[in-house]
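# Understanding the architecture of this molecule
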Amino acid sequence: MENTVSRRSMEQMAAKRDRSGSVWLIQAFTGLLLAIILGAHMIAHHFIVEGGLRDYQQVLDYVNNPVIFVTEITFVIFATVHALLGIRAIIIDMRPSPGALRVANWALGALGTVAIIYGVYLAVALQRLAG
Amino acid sequence: MSDIQSTTDPARPKSSLRAWFDVRGRSVTTLAFALNRLTGVGLTVYLFLHLAVLSQLLRGPEGWDSFIRIARSPLFLTLDVILLFGVVYHMFNGIRVALVGMGVANKQQKGLFYGLTGIALILFIVGAILIYTK
């Protein structure tokens, strides 16, 4: 065969590349949990609310529920980790130099840390406003 | 990577990133994987935009409720529908990618793709109707 022929599918190759560091497993695990939490998040925020979005007081009442508060923080953490690991997998597919990959790892780590801290801060601030 | 043959076709991109968008001779599952990553990038951008928009809540009811009025405009609802497509597609195709990556259902992945995409399509249509009618 003269043309490029991959005997494996791209997802199998991607899985193989990342599996050594267990990064792929984290990606799959957070993805599975996100499917559940994001589904609940979309339904709760967009589909059962009259008008499609909660107004200010409705958001405060919602976040004031301890179960929702913990769920939303879990959602921010898992979504950020899953998203940035996905971006990292794409960067790895671009075959960066080891130095460039190190920079990308630091940048993604910093972005993820800031996003998670900000998300937790936001949830805590809203719960205080509600209380 | 020993089972991957290199290209001799000068027209075929050698970069694996560009290869996602080279549809010639690709199987439906490979294209599905490329679209999965494309929707993933879109959803990542949306995640950070969403966090930024939520900061309006800290400005009190005026800030948030004025945003809500804008978010109920037809343009925003259409963006919501596009977002919903990205979410359900990435969610259901992601399940297939995870299963295949774990070595589960390798031989059935085409059927898995059509089955899961079918569920995603139904949820997308129901969700899109709810977005426009709620």
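Rules used in this analysis
- Along each chain, numbering runs from 1 in the same order as the chain's sequence is written.
- Throughout, the order in which chains and ligands are written sets their labels, letters from A for the former and numbers from 1 for the latter.
- Per-residue local features of the predicted model are confined to residues with pLDDT of at least 70, and side-chain atom pairs are confined, for both listing and counting, to 80 or more; whole-chain, interface and lining totals are unaffected and use all residues.
- Based on all heavy atoms of the structure, the side-chain values leave hydrogens and waters out of the count.
- Helix and strand definitions here come from DSSP, where helices need a minimum of 4 consecutive H or I residues and strands a minimum of 2 consecutive E residues; each element is numbered from the N-terminal end.
- When a residue's accessible area, from a 1.4 Å probe over protein chains only, is under 20% of the maximum for its type it is buried; when over 50% it is exposed; and in between it is partly exposed.
- Any two residues whose heavy atoms approach within 4.5 Å at even a single point are treated as in contact.
- The Shrake-Rupley method, run with a 1.4 Å probe sphere, supplies the accessible areas, and residue values consider only the shown protein chains as cover.
- Note on patches: the residues involved have over 30% relative accessible area and no salt bridge, like charges join within 9 Å, and the nonpolar side chains Val, Leu, Ile, Met, Phe, Trp and Tyr join within 5 Å.
- Salt bridge, as used here, is a side-chain nitrogen of Lys or Arg placed within 4 Å of a carboxyl oxygen of Asp or Glu.
- Fitting a line to C-alpha atoms yields each axis, with helices limited to the stretch in contact; the angle taken between N-to-C directions then spans 0 to 180 degrees.
- Angular relationships are summarised with four words: roughly parallel below 35 degrees, roughly antiparallel beyond 145, roughly perpendicular across 65 to 115, and oblique for the angles in between.
- Here a crossing is called left-handed whenever its near helix is offset anticlockwise from the far helix by less than a right angle, and right-handed whenever the offset is clockwise.
- In the scheme used here, Gly and all other residues not listed as nonpolar or charged are polar, with Ala, Val, Leu, Ile, Met, Phe, Trp, Tyr, Cys and Pro taken as nonpolar and Asp, Glu, Lys and Arg as charged.
- The nonpolar core is taken to be a set of buried Ala, Val, Leu, Ile, Met, Phe, Trp, Tyr and Cys residues, with the residues joined through side-chain atoms within 4.5 Å.
- A helix is expected to span 1.5 Å multiplied by its residue count minus one.
- One number per residue, pLDDT, summarises how confident the predictor is, and it ranges from 0 to 100.

### Some remarks on the overall build of chain B
Looking only at helices and strands, chain B features five helices and zero strands. Start at the N end of chain B and walk to the C end: the helices and strands fall as α-α-α-α-α. Taken over 134 residues, chain B has a buried fraction of 38%. Considering only contacts within chain B whose residues lie at least 6 apart along the sequence, 60% involve residues at least 24 apart.

### Section: the overall build of chain A
Along chain A, the regular secondary structure elements total five helices and zero strands. Each helix (α) and strand (β) of chain A, taken in turn from the N terminus, gives the series α-α-α-α-α. Of all 131 residues assigned to chain A, the portion counted as buried reaches 46%. The contacts of chain A with a sequence gap of at least 6 include a subset with a gap of at least 24, amounting to 69%. When the accessible surface of chain A is totalled, it reaches about 7100 Å², and 68% of it is carbon and sulfur.

### Overview of a nonpolar patch on the surface
On the surface, A:Y121, A:L129 and B:L58 cluster together into a nonpolar patch covering about 280 Å² of accessible area. Relative to the helices and strands, B:L58 resides in the loop between helix 2 (28-54) and helix 3 (61-71). On the basis of relative accessible area, B:L58 is assigned to the partly exposed category, the value being 33%.

### A short note on the pattern of salt bridges
Under the defined criterion, the tally for this structure stands at one salt bridge over all chains. Across the pair B:R37 and A:D93 runs a salt bridge, and its minimum N-O distance is 2.4 Å. Residue B:R37 is found in helix 2, and its partner A:D93 is found in helix 4 (residues 66-93); the two belong to separate chains. The same class applies to B:R37 as to A:D93, namely buried.

### Notes on the packing of helix 2 of chain B against helix 5 (residues 109-133) of chain B
All names here are of chain B. It is the contact of helix 2 with helix 5, at a shortest axis distance of 9 Å, that shows an interaxial angle of 50°. Judged by the angle between their axes, helix 2 and helix 5 are oblique. Judged by the twist between their axes, the crossing of helix 2 over helix 5 is left-handed. Here V28, T29 and A32 of helix 2 come into contact with helix 5, specifically with Q109, K110, F113 and Y114. For the contact of helix 2 with helix 5, the per-class residue count stands at four nonpolar, two polar and one charged.

### Structural notes on the nonpolar core
Where a protein is soluble and globular, its nonpolar side chains tend to be buried together. Counting residues in each nonpolar core, the largest one holds 24 residues, and the members touching the most others are A:L38, A:F75, B:L84, B:M91 and B:I131. Breaking this core down by element, the ones donating at least two residues are helix 2 (23-47) and helix 4 of chain A together with helix 4 (74-101) and helix 5 of chain B. With eight residues, the single largest contributor to this core is helix 4 of chain B. Membership of the second largest hydrophobic core comes to 18 residues, among which are A:L53, A:L60, A:A123 and B:A71.

### Re helix 5 (residues 98-130) of chain A
In this model helix 5 of chain A runs 48 Å from its N-terminal to its C-terminal C-alpha over 33 residues, within 8% of the 48 Å that 1.5 Å per residue would give. Looking only at helix 5 of chain A, the buried set comprises A:A104, A:L108, A:G112, A:A115, A:G119, A:L122, A:A123, A:A125 and A:L126. As for helix 5 of chain A, its buried residues are in contact with helix 3 (56-63) and helix 4 of chain A together with helix 2 of chain B.

### With respect to the environment of A:P96
Residue and element names in this part refer to chain A. Tracing the backbone shows P96 in the loop between helix 4 and helix 5. C-alpha separation for the pair P96 and T113, spaced 17 residues apart in sequence, amounts to 23 Å. Those residues in contact with P96 that sit more than four places away from it in its chain are I91 and L101.

### A short note on the confidence of the model for chain A
Do not read the predicted coordinates in detail wherever pLDDT is low. Residues and elements named next belong to chain A. Looking at chain A, the pLDDT average stands at 84 and 84% of residues meet or exceed 70. Of all helices and strands in chain A, the one with the weakest mean pLDDT is helix 1 (residues 10-19) (58), whereas helix 5 scores best (94). Ignoring residues within four places in sequence, the model shows residues 1-5, a span with pLDDT below 50, making 10 contacts including any to other chains.

### Focus on unusual backbone geometry
Residues and elements named next belong to chain A. The phi dihedral of R95 is positive, around 50°, even though this residue is not glycine. Relative to the elements of secondary structure, R95 occurs in the loop between helix 4 and helix 5. A relative accessible area of 59% means that R95 is categorised as exposed.

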